[in-house]
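So the chains spell out like this:
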Amino acid sequence: MKKLLKCFSLSNKKSVLIAIFFGLGIFTAMGQNITVSGKVTDANGQSIPGATIIVKGTATGAVTDFDGVYNIQANGSSTIVVSYIGFETLEIPVNNQKTINIQLKEDISLLDEVVVVGYGTQKKSDVTGSVSSANLEAFKDSPNTNAVQALQGTVPGLNIGQVNSAGSTPSISIRGQVSISGNQDVLIILDGIQYNGSLSSINPDDIKSVDVLKDASSTAVYGAQAANGVILITTKSGKRNQTPKISFSSSYTTQTPSEDLRPMNRNEYIDHIRRINYQDAYLAPDYTTLDPNYDITTGLIDQIISDGNLVDTDFDWWGEGTKQGNIKENRVSATGGSEKVSYLLSLGLTEQEGYIINDKFKRKSIRINVDTDVKDWWTVGVQSFGSFVNKDGDEPSLYSLAIAPPLLEPYDEEGNLIANPTGTLDSNPFLTYDVQDYERHDYLFANVFSEIKFPFLPGLSYRVNFGNNYRISKTYGSSKYSASNTGDAGKNVNFYKDYTLDNILTYKRTFGKHNLTATYLYGAMEREGEGTSAYAKDFDRLGLGYNNLGIGGIQETGSSAFKDQLNYQMFRVNYKFDEKYILTGTIRKDGYSGFAENNKTAYFPTGAFAWVISNEGFLSNSNVVNNLKLRAGYGINGNQTGRYTSLANLKTVDSYVFGDGGSTAFGQEVTSLANADLKWEKTKGLNVGLDFGLFSNRLKGSVDVYKNTTDDLLFRVAIPYLTGFDGINTNVGKMENKGIEIALVGDIVKNDSFKWTSTISFSKNENKILELTGEDEDEDGIEDDLISSGLFIGESINAIYDYEIDGIYQLGEENIPDGYGPGTHRIVDQDGVDGITPAGDRKIIGTTDPAFRASLLNSFSYKQFTLNVFLNTIQGGKNKYLGANTNALYRDSNTIMRNYISGIDFWTPTNPDGVNPVSYFRPAVGGTRYVDRSFVRLQDVNLSYKFSKSIVEKLALSDLSIYVSGKNLATWTKWDGWDPETGQAMNSGGRPVLKGYSLGVNLSF
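Residues numbered from 1 in each chain as written. Predicted model: local features only at pLDDT ≥ 70, side-chain atom pairs only at ≥ 80, totals over all residues. Heavy atoms only, no water.

Before going further, it helps to examine the overall build of the protein chain. Along its length, the protein chain carries nine helices and 52 strands. Counting the 1005 residues in the protein chain, one finds 46% classified as buried. The long-range share in the protein chain, meaning contacts at least 24 apart out of those at least 6 apart in sequence, stands at 68%. Carbon and sulfur atoms provide 54% of the accessible area of the protein chain, an area that totals close to 47400 Å². Separation between the mean location of the 92 positive side-chain charges and that of the 115 negative ones in the protein chain comes to 17 Å. (Helix = DSSP H or I, 4+ residues; strand = E, 2+ residues; numbered from the N terminus. Buried < 20%, exposed > 50% of the residue type's maximum accessible area, 1.4 Å probe, protein only. Contact = heavy atoms within 4.5 Å. Areas by Shrake-Rupley, 256 points an atom, 1.4 Å probe, with all protein chains shown as cover. Lys, Arg positive; Asp, Glu negative; His and termini not counted. Charge placed at Lys NZ, Arg CZ, Asp CG, Glu CD.)

Within the open sheet, the four strands sit side by side as β3-β2-β5-β6. Their pairing is antiparallel. Of all the strands in the sheet, just β3 (61-63) and β6 (90-93) have a single pairing partner and so form its edges. Neighbour-to-neighbour, the strand axes of the sheet open up by a mean angle of 20 degrees, direction not taken into account. As defined by bridge partners, strand β2 (residues 52-55) adjoins strand β5 (residues 79-83) across four bridges and the pair is classed as antiparallel. Bridging across to β5, Ile53 finds its partner in Val82. (Pairing = 2+ DSSP bridges. Axes fitted to C-alpha atoms, helices over the stretch in contact; angles between N-to-C directions.)

This part takes up the pattern of salt bridges. Here the structure, examined in full by the defined rule, presents 45 salt bridges. The salt bridge involving Arg274 is made with Asp271; its shortest N-O contact spans 2.9 Å. One end of the pair, Arg274, and the other, Asp271, are both in helix α4 (residues 266-276), three residues apart, so they sit about a helical turn from each other. Arg991 is the partner of Asp359 in a salt bridge, and the nearest nitrogen-oxygen pair spans 3.2 Å. In this pair, Asp359 sits in the loop between β21 (341-353) and β22 (360-375) while Arg991 sits in the loop between β51 (984-985) and β52 (994-1004), placing the two residues 632 residues apart along the sequence. No difference in accessibility class separates Asp359 from Arg991, as the two residues are buried. The network of salt bridges with shared partners includes Lys629, Arg631, Asp691 and Asp704. (Salt bridge = Lys/Arg side-chain N within 4 Å of Asp/Glu carboxyl O.)

Before going further, it helps to spend a moment on the packing of aromatic side chains. The description of an aromatic ring pair uses the distance of the two centres, along with the angle that the planes make with each other. Tallied over the full model, the rule gives 29 aromatic pairs. Taking 5.9 Å as the distance between ring centres and 10 degrees as the angle between the ring planes, the aromatic pair formed by Trp318 and Trp978 counts as stacked. Linking Trp318 in helix α6 (residues 317-321) with Trp978 in strand β50 (residues 977-979), this pair joins segments that are 660 residues apart in sequence. On the basis of relative accessible area, Trp318 is assigned to the buried category, the value being 7%. The exposure class of Trp978 is buried, given its relative accessible area of 1%. (Phe/Tyr/Trp six-rings, centres within 6.5 Å; stacked < 30°, edge-to-face > 60°.)

Per-residue confidence for the protein chain gives a mean pLDDT of 89; residues scoring 70 or more make up 94%. Within the model, pLDDT remains below 50 along residues 1-30, and this stretch shows five contacts once partners closer than five positions in the same chain are excluded. (pLDDT = per-residue confidence, 0-100.)

So, about the sheet that holds strand β7 (residues 102-103). With respect to topology, three strands assemble into an open sheet ordered β4-β1-β7, the strand pairing being mixed. The open sheet has two free edges, formed respectively by β4 (69-75) and β7, since each of these has just one partner strand. Pairing of strand β1 (residues 33-41) with β7, which is carried by two bridges, proceeds in the parallel orientation. Residue pairing in the sheet places Val40 in a bridge with Ile102 of β7.

This part is about the environment of Val936. Locating Val936 in the fold gives a position in strand β48 (residues 935-946). A residue is classified by how much of its surface remains accessible, and Val936, at 31% relative accessible area, is partly exposed. In sequence terms Val936 and Lys700 are 236 residues apart; their C-alpha atoms lie 25 Å from each other.

A separate point is a nonpolar patch on the surface. On the surface, a cluster of nonpolar side chains totalling about 690 Å² of accessible area is made up of Leu345, Leu347, Ile366, Ile368, Val370, Phe388, Leu444, Tyr470 and Phe495. Listed by contribution, the elements that provide at least two residues to the nonpolar patch are β21 and β22. If one sorts the elements of the nonpolar patch by residue count, β22 sits on top with three residues. Residue class for Ile366 comes out partly exposed when judged on its relative accessible area of 33%. (Patch = residues over 30% accessible without salt bridge, like charges linked within 9 Å, V, L, I, M, F, W, Y side chains within 5 Å.)

A few words on the pairing of strand β30 (residues 601-612). On β30, burial follows the alternation: Ala602, Phe604, Thr606, Ala608, Ala610 and Val612 on one face are buried, whereas Thr601, Tyr603, Pro605, Gly607, Phe609 and Trp611 on the facing-out side are not. The pairing of β30 with strand β31 (residues 625-639) spans seven bridges and is antiparallel. Paired with Gly607 across the strands is Tyr634, a residue of β31.

Across soluble globular proteins, nonpolar side chains have a tendency to be buried as a group. Counting residues in hydrophobic clusters, the biggest one holds 46 residues, and the most contacted among them are Leu300, Ile304, Leu310, Trp318, Phe430, Met897 and Ile901. Contributions of two or more residues to this core are made by α4, α5 (278-281), α6 and α7 (398-403). Looking at this core element by element, the count peaks at four residues for α4. Look past the residues within four positions of Ile901 in its chain and what remains in contact with it is Leu261, Arg262, Pro263, Met264, Ala402, Trp978, Met986, Asn987 and Ser988. Grouped together as the second largest cluster of nonpolar side chains are 27 residues, Ala147, Ile172, Ile233 and Phe445 included. (Core = buried A, V, L, I, M, F, W, Y, C linked by side-chain atoms within 4.5 Å.)

Another point: a negative patch on the surface. On the surface, a cluster of negative charge is contributed by Glu775, Glu777, Asp778, Glu779 and Asp780. Residue classification places Glu775 among the partly exposed positions, given a relative accessible area of 40%.

On to a positive patch on the surface. Positive charge collects at one region of the surface, where Arg698, Lys700, Lys750 and Lys755 lie side by side. Note that Lys755 resides in strand β37 (residues 754-771).

Moving on, we get to unusual backbone geometry. The peptide bond linking Ala284 to Pro285 adopts the cis configuration, its omega dihedral lying at 5 degrees. Tracing the chain through its elements places Pro285 in the loop between α5 and β18 (305-306). Phi is positive for Asn95, close to 50 degrees, though the residue is something other than glycine. Following the sequence through the fold, Asn95 ends up in the loop between β6 and β7. A positive phi angle is found at Ser696, which is not glycine, with a value near 60 degrees. Checked against the element boundaries, Ser696 lands in the loop between β34 (681-694) and β35 (699-718).

Structure follows, in structure tokens:
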């Protein structure tokens, strides 16, 4: 027994020693870091680039490359966490495995697109209103200095205009015009806060998404300020459990006019002088043969004559005043996060030099977005940016460059600028060289927020946003050539600030087949601004420019200030039953200090319904229909009146005389009556929409039809001046705005190596005046039009009411009316009664509104190449899409000296088919030539290449791509002039849209 125990004891000790030995070996092995690699794919085996792999509980992480491959250092006993948007997050134990291939499953709850809807977000499938999300990815490499330029033509119903000067913001409208003279501005919401600054202050690279609210149901949450639609801009942020990522991008763009127009050179100009002086330069009676005895110097100024002949000067004013434009952009950002904190820091520098000298724009920007979990149920954060814009430089106008004769020069023999080379009122365009011009705009924005998800009541959350906007604008200048060459200088300083305080209470609850989301908002906003100006002229010396205004002989000062407040409440309920039936109800109450005394508050209710037809049993097994949702909504939105619209207005007049024969003195008089009953405009809107996804969602899209009616239009009604006033602001009339919008996205080809996606958008909008003042002065039983304001019942707000022209009168033509002659427009006598009169011979010719807008985006990707090609078009219908395009030349001492754009089709006896009139006198009625502005434009082309994993790793990077892009590359149109979209005709006062070519690089590590 003792021997047995002894053996057992020895054996046990050996076992223990062996166990300890192997255990230590195992623990040692498990405690060592190893390199884990593998590939991340989806359910179909396709690679997932950009998936995040984190070693749980650490800051160690990696991101899959283009082929879905990753490498990460991990402890043999650790766990890796794999995540990607739209897929379920997986936690996988390493267990000393060096190769772990991962297949992610789609997360149905995340696959549904999330859109920002105002004071919250919703799944796209739950939206009952008309909400569109912009495709920013396709245009991220386009040369756009302004955030909304990338939206041009991409969202049906969102109308973005062209830009043709450095750093400018394009025109923006949503679903056309719903007011005659009221506010036309789209409401901009930046990170949940109303933004009243310039969009040129925002770095486009900081923007994560742009959502557009278009109908009454979706815009209802913004009440009295939402009738013109709402654009919601959300900026980027960091991600939780993300290792620090540094991204850098740089690009260079060259810009030239999309139309190669220029003024006439010396020879063209001399021929032009002969043609417009045809009665002297050509032989009668047909004036087509040049008179050999004609002296071209007759009637011309001495400056261009030398020894009885024209000087041999051929100065290129246009070439000296313009150059190739360019854009230089450099942007860097850092993002990352831990389990409780996420952050983004970005810096941007944009420098643009326009086509015209001194047309400059420079923007420095910084953004900091941070959020952190103080507790599991409490998050706080800040979204902030600063932007500092420099627009120094006084550019010459293209008009002054175009009309300067090539026979003159800007400098005298001593090299000094000649103020008026022609000896007329046309000054030297290069006077802008020798001036001071200082223009700076500083923008500061911050939204500090706190969100609590109450642990004692699941689904209940409270968020408070405290937003601040602040901007300073400084415009200083001086010129020794101004004020009749006595010199002038001035300073203008403007300050603006506002704050927004929003309290948002949200409750979300799901019970059985019922899903409820209720949102209550109580908020306030205060806006305040002030400005000071100082101006002086008549300087003995201007050495210190605007920094010593006190030495000016004549001095003027001015100042202004305003302050207004808003408070508002909003309640919204979203109810969904059985994933099929969705109801949304919203009511908002607005109070505004600028409202009239008897109407300080306004109420705006809306309601909407959606039926998810595809979730019904009869479509549950469909192989064709994947998603089908019918939407309908109706409600009322407002258009806030102006700050002082309801009050009596004063103006300064030089009309007071003290004593008989005394001189006049400045005083003030009331120009408009106060209206204590003035109200905000109300727009009632109906929207019906259909969302669909077909053929395994290879074809997706939406169709929306809408009709808006605006009542209580804000209009200044003229009253007899005998009353002592010339007008009163009041609410009159009614107008209608209706249209249709279609968006289609189709995956035409989709496989591992090649993808081809096409996106089509179409929108058609019409507006019509239904009522005006209600007056019937001619007692014909029909309400009168406001002809003097160009407003006609039953017609578009933008109807063209003018004389109809029928060509140009020719030499030898009989029965030319008095006041007209060869070379003048032939005006159609509509009534045939008493000749051409304003009362009887004007008619509705057409409209400046287009019939429809459409675009086509084709996106191709092949292996590491991606190509985006975007076509945009605006077309006219039966009433055309018209713009004024007349270049009439009525000869006098000024016009005979001016140069003109080369190629203008002027009428002359040698060019009887010319469409632009030329006359020795100004006719009684000149008439206007209107031309269709329809066009198709190759607006954006981007080609990018993403480098392979092997090259990227050798450069110690995580991503690297290069790209080339082009903008406004070609335009097909019948419009003759600078550009049909801007309506700039073929005249000296036009300004070109720029064509750009870019080269850029994006990298991260």
